[in-house]
Amino acid sequence: MMASRFLLALSLSLLVSAAIAETRQPRLTQGQQCRFQRISGAQPSMRIQSEGGITELWDERQEQFQCAGIVAMRNTIRPNGLSLPNYHPSPRLVYIERGQGLISIMSPGCAETYQVHRSQQAAERMEEPERQVRGSVRDLHQKVHRIRQGDIVAIPSGAAHWCYNDGSEDLVAVSINDVNHLSNQLDQKFRAFYLAGGVPRSGQQEQARETFHNIFRAFDADLLSEAFNVPQETIRRMQTEEQERGLIVMARERMQFVRPDEEEGEQERQGRQMSNGLEETFCTMKLRTNVESRREADIFSRQAGRVNVVDRNKLPILRYLDLSAEKGNLYANALISPDWSMSGHTIVYVTRGDAQIQVVDHSGQALMNDRVNQGDMFVVPQYYTSTARAGNNGFEWVAFKTTGSPMRSPLAGYTSVIRAMPLQVITNSYQVSPNQAQALKMNRGSQSFLLSPGGRMFQGGQRS
Amino acid sequence: MMASRFLLALSLSLLVSAAIAETRQPRLTQGQQCRFQRISGAQPSMRIQSEGGITELWDERQEQFQCAGIVAMRNTIRPNGLSLPNYHPSPRLVYIERGQGLISIMSPGCAETYQVHRSQQAAERMEEPERQVRGSVRDLHQKVHRIRQGDIVAIPSGAAHWCYNDGSEDLVAVSINDVNHLSNQLDQKFRAFYLAGGVPRSGQQEQARETFHNIFRAFDADLLSEAFNVPQETIRRMQTEEQERGLIVMARERMQFVRPDEEEGEQERQGRQMSNGLEETFCTMKLRTNVESRREADIFSRQAGRVNVVDRNKLPILRYLDLSAEKGNLYANALISPDWSMSGHTIVYVTRGDAQIQVVDHSGQALMNDRVNQGDMFVVPQYYTSTARAGNNGFEWVAFKTTGSPMRSPLAGYTSVIRAMPLQVITNSYQVSPNQAQALKMNRGSQSFLLSPGGRMFQGGQRS
Amino acid sequence: MMASRFLLALSLSLLVSAAIAETRQPRLTQGQQCRFQRISGAQPSMRIQSEGGITELWDERQEQFQCAGIVAMRNTIRPNGLSLPNYHPSPRLVYIERGQGLISIMSPGCAETYQVHRSQQAAERMEEPERQVRGSVRDLHQKVHRIRQGDIVAIPSGAAHWCYNDGSEDLVAVSINDVNHLSNQLDQKFRAFYLAGGVPRSGQQEQARETFHNIFRAFDADLLSEAFNVPQETIRRMQTEEQERGLIVMARERMQFVRPDEEEGEQERQGRQMSNGLEETFCTMKLRTNVESRREADIFSRQAGRVNVVDRNKLPILRYLDLSAEKGNLYANALISPDWSMSGHTIVYVTRGDAQIQVVDHSGQALMNDRVNQGDMFVVPQYYTSTARAGNNGFEWVAFKTTGSPMRSPLAGYTSVIRAMPLQVITNSYQVSPNQAQALKMNRGSQSFLLSPGGRMFQGGQRS
């Protein structure tokens, strides 16, 4: 028992230092080219149907995703569906678009924190197979996190995770995998290592089958039997991919886990300094937060909308992942100031409504001037200038960013570079009159980033 | 107004964290090959003539520049010329070879610090267009920095900047862009995003026109008009590239900016700890320093010359840019010890005189054994051994380095590896006598790096 | 003398900051592909015979080494042999497989710490050439480190080093060079810059001769003569590669260096905080440690074996090198749990015995299922799952890892992900009964990573 504790402590300390090491791991731009002629909204190009849900993938070979170095996917888990345990060589950032469920992200060295105490009553309600082991079973497991619509979830490279839909509607999760992140020392091909299951054979593309497969399958059954100290029969069940079940399976019974209310605990932890205790930094590090709180909007405009940001300050694990996200809501016909990102690519996924998007490159070419609709995804490359105008029904989006510290440089509004230029620089740069230059600088008044529609009505209030 | 303040504070904190994130972003060596047969001094290969000056570029496809991952340029701004506002995906380090002027480097979130107070008298002297708006205009703008011959200026990735020559002679600036720096998540192609102007059509190469262009040009005029809340007529002026004006324009009148004496303020700041206040670290961070002060030479030899270094210690912003520079002055016929750089490539630009340069690779081949003259630029790759002997008129150079912490390992002199070897290792390595080994170790006495000409006369003084 | 001190202090501070800069330099995966069909144990493919020993290189073009971004070599130095001073653009981690000797790793700016005091008696025993200079010679040199079988030695990028075998048996050193480390701004080709010697001509491959060559050879003799302030005759001896001597030479007499017992000093230093004094962090930083101490095993199992780890915590210089090593000893027929590395590639070198190795990829294919024997080297790529079973004579290995903070995620045992999963997740993932799931989680009891042979006998003790 001492040995076990020691091992736990050892792997814990290794984990912590690995996590710290990850801090200094930026991403590669290896192999990728950002020299496109055109960007446009894309829908998933591949669909893997499993017993308990659907996995959809955007085409990773599209130029815009290659440039950003990401692979995008959308998982739909049916009620009572279990997304099978798997890990991947790159960090993943997830947005829960719909539904609710439970997720567990397992890191070696982080103790199985909670013990499941099954009351007699609960045992009464168990299905037959469960009841057989009643009494003899005291199940320990790592933390299980409640996830809900609007959550952003961070999954570190190499950490195995599973997800269970215990709600009554589909759980829909949109995510990006940062294959260029330096925690990935393999090449930039997307890989997922499944601990169970595998891509069903029927009607699927060869590419997909190549990508996702049970890692137990290829091991020698005899050796695994000895390693786990279980009969070969058990191993053979683990190695079998029942082709029709796929990557997401239906649970035979409703799963229940005794969990403390981790949300409560997390909010408490938020108040503390992250850098105090090493054990705390990683194993108890918050892995999720909600990005849709109306009260906590980071940018809010009564006339134009609001944006919530989840960056390395709000979710400290993003220091290691060097990713971030924002959820935005633009009112009908409102605008986003033309701006460029100074610190990473932006991958936009439309969650509701529509908008006219313009993206411009350094050679003065419009790469995109399209209307995007719900379910579309597109990339605004770092440093490229873009703008958006919401349609008549408004525009809602979630954007993933390949930086833990997103920063925009707007061209119009209170915090813009135009406003930071002396009048004479504007008059000489654009050959406009001082009055025109003054209007360029000031006519958006104190608005910034989110701009109300029909700005003209704000000319009077510009100096308020 | 509260909202504006909040936005400012928000984008400020984002800026600071982005800056911090940049600390851990080293550079890529992607795609580049350092397997050349030959290195030689190069002159700019492309020239863009604008109304207010000239932009010259070295050929970025030359092997030596590819290996170093940099793009070199030289800007000449005529008196009263304005280099138009632009930004680029990679950090730039600039050396002011000649003249003086004003530069403004705009970062979102850094407040427009200084307010221009125009006295009545000043207004009297204004040109007509300026006078029209007198009274109604209170111009605020970000810090404007005075730059002079001998200055090193650091421009972070993505920060828009403009430069105005308010002197009476040409302002000549030589700079390198570190396209491999990891703050650049695009590919390693050199890009510049101009907020105004564009490459003139007449007689220019296609490549150049592709590279530099006004980002407003491709946006929808209607949308921009709404975003800035100004008439479309103003937008159309912004979108127009008056082809003959180019990237550097002549100001219609002499520009004047009220600035505090920022040099004074900066020297004061130098005394403080950089890590104390977060707001201070970035927005008020020094972006320039002079590299030609005779009193502050880092290496000085009465017989051989002097070298001034600008590294991450002297100009802390270089922690984020991971670049540095040195200005050297070698007396007639003096030598630089054969040495190798342990921490980055060295890009040398000859500012005066001439020298014989030798560069040797790991296979014992001489890659370079040439005389270089004023205006030549060449690369000494990291770890390659090089040496120089000044001509009869001496040799002056500025060297840019792709590291914030340059370090040389000399072969001869007081701090050399030969001196660090035990006698017996030298006698056995080279099959020389103990006396010869002793001479190899000691005959340069306390000289290091800068070696006086005709060393023989120093044999007597070697142990002083 | 003041000047010398100043220079020393200057280059010292540069060195320290360079070392710190190195912290944030992870490795590149540039150009490499990890899409192999097959991995197998490899023997060196190239052999360079020198006067004083042998240099063997594994084929750097093999897919497994390309994927890991390393070049592996084995040096055998005969008694009284001197491996000539050289440096390389990438960090090197060395394991001393056999014998003992002295190594000196020279960094510019680190003072020549120890003065050699030759007592009269010692001088009496000197060979003739040494005696000639007696009295006039007071030799200073940098620290010389004692190395012995079982040592791990860290050599930073660009630091020149030499090694002398003062023992009575061959000194055998196995090492890897991390050519993808970002301290290397050249391309990923392996280079070694020799300060003396060169690859002998006779019967060697062209490739080898291209790789290792005396950097003095290509310089102008006149210029070097002036730089060192010695006669041209001495320079010509330095430039000559006596072809038969090669990269390792025989010393003409037994070399003796007066050294303090640095082992003692190092153990004392280990107790101190590394981050206190800057000068201390680098110049006096420990460069070696022993990895074979039976008492200090990091993982120990009475039934299965033991593993010693040398990571960034045990040898702090590995923070800058971002490499680590482990020495393992597996008893006859014992197993290593199937696991994956979360933080780097693993390069395994077999030092004794044999084992059956299995490596599996994400598509469920077995890349390796081979028996490996003494002297074999193979790569387990990051995130790929592997396992091993020792043969009847046990299995001993040293593993180099391309991370300073190695971390494994085991599939079986006390700290495994299977154990971290709730029972219901296991039953639903593998369609096994709760009892079978319970057995999978618990049957290895408190064992972890190192698993005793014939695990079945542990079923009874699983809950102890």
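Residues numbered from 1 in each chain as written. Chains lettered and ligands numbered in written order. Predicted model: local features only at pLDDT ≥ 70, side-chain atom pairs only at ≥ 80, totals over all residues. Heavy atoms only, no water.

Caption draft 1: Main features of the domain arrangement of chain A. All names here are of chain A. Here the domain parsing of chain A yields domain 1 (2–270) and domain 2 (293–458). Between domain 1 and domain 2, the contact holds 40 residues from the first and 35 residues from the second. Buried surface at the junction of domain 1 and domain 2, both sides included, amounts to about 2,900 Å², of which 66% is carbon and sulfur. Taken together, the connections running from domain 1 to domain 2 amount to 1 salt bridge. When the shortest N-O distance is used, the salt bridge between R38 and D370 registers 2.8 Å. Taken together, the connections running from domain 1 to domain 2 amount to 12 residue pairs in polar contact (both at pLDDT 80 or more). The set of elements that each furnish at least two residues to the side of domain 1 that touches domain 2 consists of α1 (2–23), α2 (63–68), β3 (70–77), β5 (92–98), β10 (151–155) and β12 (171–178). Looking at the side of domain 1 that touches domain 2 residue by residue, the class counts come to 23 nonpolar, 10 polar and 7 charged. (Domains from an automatic or database assignment. Contact = heavy atoms within 4.5 Å. Buried area = accessible area lost by both parts, 1.4 Å probe. Salt bridge = Lys/Arg side-chain N within 4 Å of Asp/Glu carboxyl O. Polar contact = N/O pair within 3.5 Å; in protein donor to acceptor, adjacent residues only side chain to side chain. Helix = DSSP H or I, 4+ residues; strand = E, 2+ residues; numbered from the N terminus. Nonpolar A, V, L, I, M, F, W, Y, C, P; charged D, E, K, R; others polar.)

Caption draft 2: Fine view of the UniProt feature "domain: Cupin type-1" (unreviewed entry) in chain A. Following the UniProt record, one finds the feature "domain: Cupin type-1" (unreviewed entry) at residues 37–236 and 289–438 of chain A. Helix and strand shares over residues 289–438 of chain A are 14% and 48% respectively, and the end C-alpha atoms of the span are 42 Å apart. (UniProt positions renumbered as here; feature names shortened; annotations may be inferred.)

Caption draft 3: Region of the structure containing the pattern of salt bridges. What the rule picks out here adds up to 55 salt bridges over all chains. Residue E326 of chain A pairs with R408 of chain A through a salt bridge whose shortest N-O separation is 2.7 Å. On the criterion of sequence distance, the pair formed by E326 of chain A in strand β19 (residues 324–330) and R408 of chain A in strand β25 (residues 408–410) is long-range, its members being 82 residues apart. Under the relative-accessibility criterion, R408 of chain A is labelled partly exposed at 22%. We note a salt bridge from R146 of chain C to D166 of chain C, for which the minimum N-O separation is 2.9 Å. With R146 of chain C in strand β9 (residues 145–148) and D166 of chain C in the loop between β11 (160–164) and β12 (171–178), this pair connects stretches of sequence that are 20 residues apart. Side by side, R146 of chain C and D166 of chain C carry an identical accessibility label, which is buried. Here the salt bridges share partners, and the residues they tie into one network are E292, K327, R352 and E396 of chain A. (Buried < 20%, exposed > 50% of the residue type's maximum accessible area, 1.4 Å probe, protein only.)

Caption draft 4: A look at the side chain of S343 of chain C. The topology assignment puts S343 of chain C in the loop between β20 (335–341) and β21 (346–360). Judged by its relative accessible area of 13%, S343 of chain C falls in the buried class. From its side chain, S343 of chain C meets the backbone oxygen of S405 of chain C in a polar contact 2.9 Å long. A polar contact of 3.1 Å, which involves the side chain of S343 of chain C, links it to the backbone nitrogen of M407 of chain C. Other than its neighbours up to four places away in sequence, S343 of chain C contacts Q185 of chain A together with Q382, T402, T403, S405, P406 and M407 of chain C.

Caption draft 5: A look at the environment of D151 of chain B. All names here are of chain B. Among the structural elements, D151 can be located in strand β10 (residues 151–155). When its relative accessible area of 1% is taken as the criterion, D151 is described as buried. Sequence-distant contacts of D151, that is, excluding residues within four places in its chain, are made with V94, Y95, I96, R146, R288, T289 and N290. At 2.9 Å, the side chain of D151 forms a polar contact with the backbone nitrogen of R148. Looking at D151, its side chain comes within polar contact range of the side chain of R288, at 2.9 Å.

Caption draft 6: Here's a closer look at the sheet that holds strand β12 (residues 171–178) of chain B. Residue and element names in this part refer to chain B. If you trace the 7 strands from one edge of the open sheet to the other, you get β1-β2-β3-β12-β5-β10-β16, paired in antiparallel fashion. Pairing within the sheet leaves two strands with one partner each, and these edge strands are β1 (46–50) and β16 (288–290). Each strand axis lies, on average, 20° off the axis of its neighbour in the sheet, ignoring direction. (Pairing = 2+ DSSP bridges. Axes fitted to C-alpha atoms, helices over the stretch in contact; angles between N-to-C directions.)

Caption draft 7: Summary view of the pairing of β10 of chain B. All names here are of chain B. Within β10, 5 of the 5 residues are buried, which leaves it mostly tucked inside the rest of the structure. Going residue by residue along β10, you find D151, V153 and I155 tucked away on one face and I152 and A154 tucked away on the opposite face as well. Inspection of the sheet shows strand β5 (residues 92–98) paired to β10 by 4 bridges, in the antiparallel sense. Bridging across to β10, Y95 finds its partner in I152. Sheet topology note: the β10/β16 ladder contains 3 bridges and is antiparallel.

Caption draft 8: Up close: the side chain of T403 of chain B. Residues and elements named next belong to chain B. Within the fold, T403 resides in the loop between β24 (385–401) and β25 (408–410). The class of T403 is buried, set by a relative accessible area of 6%. Polar side-chain contacts of T403 include one of 3.2 Å to the backbone oxygen of S343.

Caption draft 9: View of the packing of aromatic side chains. The tally for this structure, following the rule as stated, stands at 24 aromatic pairs over all chains. With centroids separated by 5.8 Å and ring planes inclined at 65°, the aromatic side chains of F193 of chain A and Y384 of chain C adopt a geometry described as edge-to-face. You can see F193 of chain A sitting in strand β13 (residues 192–194) and its partner Y384 of chain C sitting in the loop between β23 (377–380) and β24 (385–401), one on each of two chains. Comparing F193 of chain A with Y384 of chain C shows no difference in burial state: the two are buried. (Phe/Tyr/Trp six-rings, centres within 6.5 Å; stacked < 30°, edge-to-face > 60°.)

Caption draft 10: How the structure looks around the sheet that holds β12 of chain C. Residues and elements named next belong to chain C. An order of β1-β2-β3-β12-β5-β10-β16 is seen for the 7 strands of this open sheet, with the pairing classed as antiparallel. The open sheet has two edge strands, β1 (46–50) and β16 (288–290), and neither has a second partner. Direction aside, the axes of adjacent strands within the sheet are offset by 20° on average. By the bridge criterion, 6 bridges tie strand β5 (residues 92–98) to β12 in an arrangement that is antiparallel. Bridging from a neighbouring strand, L93 pairs with I176 of β12.

Caption draft 11: Here's a closer look at unusual backbone geometry. Residues and elements named next belong to chain C. A positive phi angle, near 70°, is found at N80, a position not held by glycine. The class of N80 is buried, set by a relative accessible area of 18%. Phi is positive for D322, close to 50°, though the residue is something other than glycine. As for its placement among the helices and strands, D322 is situated in the loop between α10 (318–321) and β19 (324–330).

Caption draft 12: Up close: the state of the cysteines. Residue and element names in this part refer to chain A. For the structure on display, the rule yields 3 disulfides over all chains. Between C34 and C67 runs a disulfide, and the two sulfur atoms are separated by 2.0 Å. With the S-S dihedral at roughly 100°, the linkage between C34 and C67 falls on the right-handed side. Taken together, the positions of C34 in the loop between α1 and β1 (46–50) and C67 in helix α2 put the pair 33 residues apart, joining distant regions of the chain. Of the two residues, C34 and C67, neither departs from the other in class, the shared state being buried. (Disulfide = S-S within 2.5 Å.)

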